[in-house]
Structures are given as C-alpha cells and as structure tokens.
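Secondary and tertiary structure notes
Listed here are the chains, written in short residue letters.
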Protein chains: 2
Amino acid sequence: MDEINRKIVNLLQQDSSITNQQLAEAIGLSPASSLERVRKLERSGVIRGYTALMDRRKLGKHIKAYIFITMRQHNAQLMNRFNQAVADLPEVMECDRLAGEKDYLMKVVCDNIEDFEAFTRERLTTIPGIDRTSSTIVLSTLVERSGVEY
Amino acid sequence: MDEINRKIVNLLQQDSSITNQQLAEAIGLSPASSLERVRKLERSGVIRGYTALMDRRKLGKHIKAYIFITMRQHNAQLMNRFNQAVADLPEVMECDRLAGEKDYLMKVVCDNIEDFEAFTRERLTTIPGIDRTSSTIVLSTLVERSGVEY
DNA sequence: CTTGAAATAACATAGGT
DNA sequence: ACCTATGTTATTTCAAG
C-alpha cells in the first residue's frame with residue numbers, strides 16, 4: 001500500500017464511475033498499470049465492491065432513526081439468534097455491538113413514522129432476548145460520507 | 001418509478017460494476033432502454049453517485065465509535081459553526097441531528113485508540129458550543145448494508 | 001512499469017415501431 | 001417508451017522492453 005494505492009482508494013471512493021483512463025492519468029501511471037493495481041485491490045479484499053448511492057428520500061424513505069438495544073441476558077445462544085434475526089430485517093442499515101451499558105446500536109430507515117412504529121413493535125421487539133429498546137429519530141443529517149479518508 | 005426502476009435501483013446498489021448488458025437482461029429491456037433509465041435516475045438525483053466500498057480494517061482503520069454530543073446552547077450561530085467544523089473532520093463518517101435529549105450523534109472511524117483519544121480531545125471537544133460528549137466504541141458489526149431495499 | 005497492438009465490449013446516437 | 005443498428009470509444013489482454 002504505497003502512495004499510489006492511497007490515491008486509487010480515495011478516488012474510487014469519491015467516484016467509482018470514472019474510466020480507467022481517467023484514473024490512470026490522475027495517479028500518474030499507464031492504464032495497464034492502473035487497472036492491474038485496481039484488480040489487485042479487488043482480489044485482496046481492500047475493495048469490497050462497487051455500489052450506487054441513492055437518495056433515500058427520493059425512494060420514499062423519510063425516516064432515519066437510531067435504536068439502542070439492551071439484552072435480557074448475554075448468553076451466546078440468544079446473541080446468535082438476535083444476530084440472525086437482525087440480518088433478516090431489511091430496515092436495518094447498520095447494527096453494531098457496543099462496549100458499554102447498551103448492547104447494540106442499529107441504524108434504521110423506514111418510509112414513514114407509522115412504518116417505523118410497526119417495525120419496532122412487530123418485528124424488532126419481538127426478537128427473543130431483548131430487554132428494552134430506546135429509539136431516537138434523526139431530524140437532519142450534517143455529514144454523510146461514503147468512504148474513509150486514506 | 002415503476003417496477004423496472006425498482007429493480008434497477010436494487011441491482012445497482014448490490015453491484016454497480018455490472019455491465020449495462022447484464023442490467024438490461026436482468027430487468028428485461030434492451031441495453032439502450034436500460035441505459036436511458038439509468039441516466040434518467042442519475043439526472044433526477046435518485047442515483048447520487050457511484051462508489052467503491054472499502055474494507056476499513058485493511059486500510060488500517062481499526063476503531064469505529066459513536067459519539068453523542070450535547071450543546072451548551074441551541075442558538076443558530078453555534079449550530080452553524082458546529083456544522084462547519086464537523087464537516088471538516090475526516091474521521092466523521094456520519095453526523096445526525098437528533099430529536100431528543102442528545103443533540104447530535106456521530107459515527108467516527110480512526111486508525112487506533114490513541115488516535116481516537118487525540119481526535120476527541122484535540123479536535124472534537126475543542127469545537128465551540130459543545131457542552132459534553134459521550135463515546136461508545138464498537139466491538140463488532142452485525143449488519144452493514146450499503147443500500148436500502150426498494 | 002511502459003508502450004503498442006489487437007480483440008472484445010460498452011456507450012451514445014439516430015431512426016423507426 | 002421501447003427496439004435495432006451503427007459508429008465511436010473504452011476496456012482488456014497480450015507481448016516485448
């Protein structure tokens with residue numbers, strides 16, 4: 001991972017639709033070498049994939065919220081079941097296990113507040129092992145970056 | 001936004017590196033029509049852009065954390081300054097204004113715990129108007145989705 | 001890593017249903 | 001809106017240095 005790969009990573013995070021020729025010019029290498037480096041980054045798993053970023057509001061997803069989750073117990077079986085159940089909820093964009101009092105934090109996106117309420121009541125809090133949840137609605141987003149600076 | 005556009009949105013979120021021919025086949029249209037729909041989604045802002053997803057650990061970013069922020073006062077000037085300051089912090093991946101007791105929640109990524117400590121002490125809590133912050137380190141990630149289901 | 005060449009494939013556009 | 005057809009451009013692979 002030298003300076004040229006850093007540039008590749010940053011440029012492809014900014015805009016992965018650039019042509020290999022543009023990328024090659026930007027990093028100061030030939031198109032052949034540029035492509036070889038990109039392929040190597042893909043094969044090594046540094047680049048996990050390519051995605052199109054959508055405007056969630058234009059897709060009708062007007063509610064973004066964070067939900068803290070505390071488990072009743074912390075045994076492996078309940079945690080595994082929870083893990084599985086959360087992976088099957090399409091509203092969950094992100095779910096992290098935390099170091100601290102609360103066990104998990106998840107970021108959720110829904111069409112509207114009614115759907116959000118139905119989601120938490122019918123599909124989230126029905127997962128076995130959950131003690132309590134605490135939801136916070138997002139009012140506005142100041143920063144939303146697609147990639148890390150490298 | 002018909003059923004075909006839904007498919008396009010979902011497919012491009014899954015993998016934006018597919019060729020237009022593959023996309024056309026998957027949605028059941030000719031390559032020309034497929035491309036025209038994609039361009040229209042781009043122009044209308046439904047598709048905000050294209051990005052490469054990176055493995056943050058392989059880029060040396062080992063710490064992910066959430067930080068709650070409470071402001072001393074809630075006047076417009078302080079909020080604007082905060083907004084500007086946060087946008088200039090590359091460690092901040094996401095920052096949302098919340099409805100509730102805490103004012104903001106930000107997701108941060110750093111190389112290691114020392115950098116995280118330095119970040120909070122030297123560059124975050126020095127922003128004017130912040131009353132207090134509360135950090136939670138992420139232990140592991142259960143779900144991390146790049147796009148919404150549509 | 002570079003250049004250059006050749007094969008393949010994608011893109012953009014035009015004209016027609 | 002969609003399709004087919006066409007010229008242009010980009011990508012990919014390979015060889016040689």
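Source: prediction; values computed, not measured.

**Description of the sheet that holds strand S5 (residues 130-144) of chain B**
- With respect to topology, eight strands assemble into a closed barrel ordered S2(A)-S4(A)-S3(A)-S5(B)-S2(B)-S4(B)-S3(B)-S5(A), the strand pairing being antiparallel. The average angle at which neighbouring strand axes cross in this sheet is 35 degrees, direction not considered.
- Looking at chain direction, strand S3 (residues 92-98) of chain A and strand S4 (residues 104-110) of chain A are connected through five bridges and run antiparallel. If you follow Val92(A) over to S4(A), its bridge partner there is Val108(A).

**Focus: the UniProt feature "domain: HTH asnC-type" (unreviewed entry) in chain A**
- Here the UniProt feature "domain: HTH asnC-type" (unreviewed entry) sits at residues 1-62 of chain A.
- Counted over residues 1-62 of chain A, helix gives 53% and strand 13%. Its end C-alpha atoms are 40 Å apart.

**Focus: the protein's contact with DNA strand C**
- By nearness alone, every residue bordering DNA strand C is listed as Gly28(A), Leu29(A), Ser30(A), Ala32(A), Ser33(A), Arg37(A), Thr19(B), Asn20(B), Gln21(B), Leu35(B) and Arg39(B).
- The sugar-phosphate portion of DNA strand C accounts for 90% of its atoms within 4 Å of the protein, the bases making up the rest.
- Within the contact set of DNA strand C, a phosphate oxygen lies 2.4 Å away from a side-chain nitrogen or oxygen of Ser33(A).
- Here a phosphate oxygen of DNA strand C sits 2.9 Å away from a polar atom, N or O, in the side chain of Arg39(B).
- Of all the elements in the fold, those that place two or more residues in the surface near DNA strand C are helix H3 (31-43) of chain A together with helix H2 (20-27) and helix H3 (31-43) of chain B.
- Counting residues per element, the surface near DNA strand C draws most heavily on H3(A), which supplies three residues.
- For the surface near DNA strand C, a count of residues per class yields three nonpolar, six polar and two charged.

**Examining the packing of helix H1 (residues 3-14) of chain A against H3(A)**
Residues and elements named next belong to chain A.
- It is the contact of H1 with H3, at a shortest axis distance of 11 Å, that shows an interaxial angle of 75 degrees. In terms of axis orientation, H1 runs roughly perpendicular to H3. Contacts between H1 and H3 pair Ile4, Asn5, Ile8, Val9 and Leu12 from the former with Arg37, Val38 and Leu41 from the latter.
- Of the residues belonging to the contact of H1 with H3, the class tally is six nonpolar, one polar and one charged.

**Some words on the protein's contact with DNA strand D**
- Taken together, the residues surrounding DNA strand D are Thr19(A), Asn20(A), Gln21(A), Leu35(A), Arg39(A), Leu29(B), Ser30(B), Ala32(B), Ser33(B), Arg37(B) and Lys40(B).
- Here a phosphate oxygen of DNA strand D and a side-chain polar atom of Ser33(B) are 2.8 Å apart.
- At 2.6 Å from a phosphate oxygen of DNA strand D is found a side-chain nitrogen or oxygen belonging to Arg37(B).
- Class assignment for the residues of the surface near DNA strand D results in three nonpolar, five polar and three charged.

**Some remarks on the interface of chain B and chain A**
- Taken together, the contact between chain B and chain A spans 59 residues of the former and 59 residues of the latter.
- Buried area between chain B and chain A, both sides added, is near 5600 Å², and the carbon and sulfur share of it is 59%.
- Summed over the shared surface of chain B and chain A, the result is six salt bridges.
- With a shortest N-O distance of 2.9 Å, Glu94(A) and Lys107(B) are connected by a salt bridge.
- For the side of chain B that touches chain A, the secondary-structure elements that each account for two or more residues are helix H1 (3-14), strand S1 (47-54), strand S2 (63-71), helix H4 (76-87), strand S3 (92-98), strand S4 (104-110) and S5 of chain B.
- Counting residues per element, the side of chain B that touches chain A draws most heavily on S5(B), which supplies nine residues.
- Considered class by class, the residues forming the side of chain B that touches chain A number 32 nonpolar, 14 polar and 13 charged.
- As paired elements, strand S5 (residues 130-144) of chain A and S3(B) share five bridges and run antiparallel to each other. Considered in S3(B), the bridge of Thr141(A) is made with Asp96(B).

**Thoughts on the domain arrangement of chain A**
- Domain assignment breaks chain A into domain 1 (3-44) and domain 2 (56-137).
- Using only C-alpha atoms to locate each centre, domain 1 of chain A and domain 2 of chain A end up separated by 37 Å.

**Concerning the packing of aromatic side chains**
- For the structure on display, the rule yields three aromatic pairs over all chains.
- When the ring centre of Tyr104(A) is taken as reference, the NZ or CZ atom of Arg97(A) above it lies at 5.6 Å.
- Taking the ring centre of Tyr150(B) as reference, the NZ or CZ of Arg6(B) above it sits at 4.3 Å.

**Looking at the pattern of salt bridges**
- Per the stated rule, a full pass over the model turns up 24 salt bridges over all chains.
- Taking the shortest distance from any N to any O, the salt bridge between Lys64(A) and Glu94(B) comes out at 2.6 Å. Of this pair, Lys64(A) sits in strand S2 (residues 63-71) while Glu94(B) sits in strand S3, each in a different chain. Neither residue differs from the other here; Lys64(A) and Glu94(B) are each classed as buried.
- Note that Glu42(B) and Arg39(B) form a salt bridge whose closest N and O atoms lie 3.2 Å from each other. Remark: Arg39(B) and Glu42(B) occur in helix H3; sequence separation between them is three residues, near one turn of the helix.
- Judged by relative accessible area, which is 25%, Glu42(B) ranks as partly exposed.
- One network of salt bridges, in which partners are shared, links Lys64(A), Glu94(A), Asp96(A), Lys107(A), Glu144(A), Lys64(B), Glu94(B), Asp96(B), Lys107(B) and Glu144(B).

Reading guide: rules and limits
- Residues numbered from 1 in each chain as written.
- Chains lettered and ligands numbered in written order.
- Predicted model: local features only at pLDDT ≥ 70, side-chain atom pairs only at ≥ 80, totals over all residues.
- Heavy atoms only, no water.
- Pairing = 2+ DSSP bridges.
- Helix = DSSP H or I, 4+ residues; strand = E, 2+ residues; numbered from the N terminus.
- Axes fitted to C-alpha atoms, helices over the stretch in contact; angles between N-to-C directions.
- UniProt positions renumbered as here; feature names shortened; annotations may be inferred.
- Near = heavy atom within 4 Å.
- Polar contact = N/O pair within 3.5 Å; in protein donor to acceptor, adjacent residues only side chain to side chain.
- Nonpolar A, V, L, I, M, F, W, Y, C, P; charged D, E, K, R; others polar.
- Parallel < 35°, antiparallel > 145°, perpendicular 65-115°, else oblique.
- Contact = heavy atoms within 4.5 Å.
- Buried area = accessible area lost by both parts, 1.4 Å probe.
- Salt bridge = Lys/Arg side-chain N within 4 Å of Asp/Glu carboxyl O.
- Domains from an automatic or database assignment.
- Phe/Tyr/Trp six-rings, centres within 6.5 Å; stacked < 30°, edge-to-face > 60°.
- Lys NZ or Arg CZ within 6 Å of the ring centre and 35° of its normal.
- Buried < 20%, exposed > 50% of the residue type's maximum accessible area, 1.4 Å probe, protein only.

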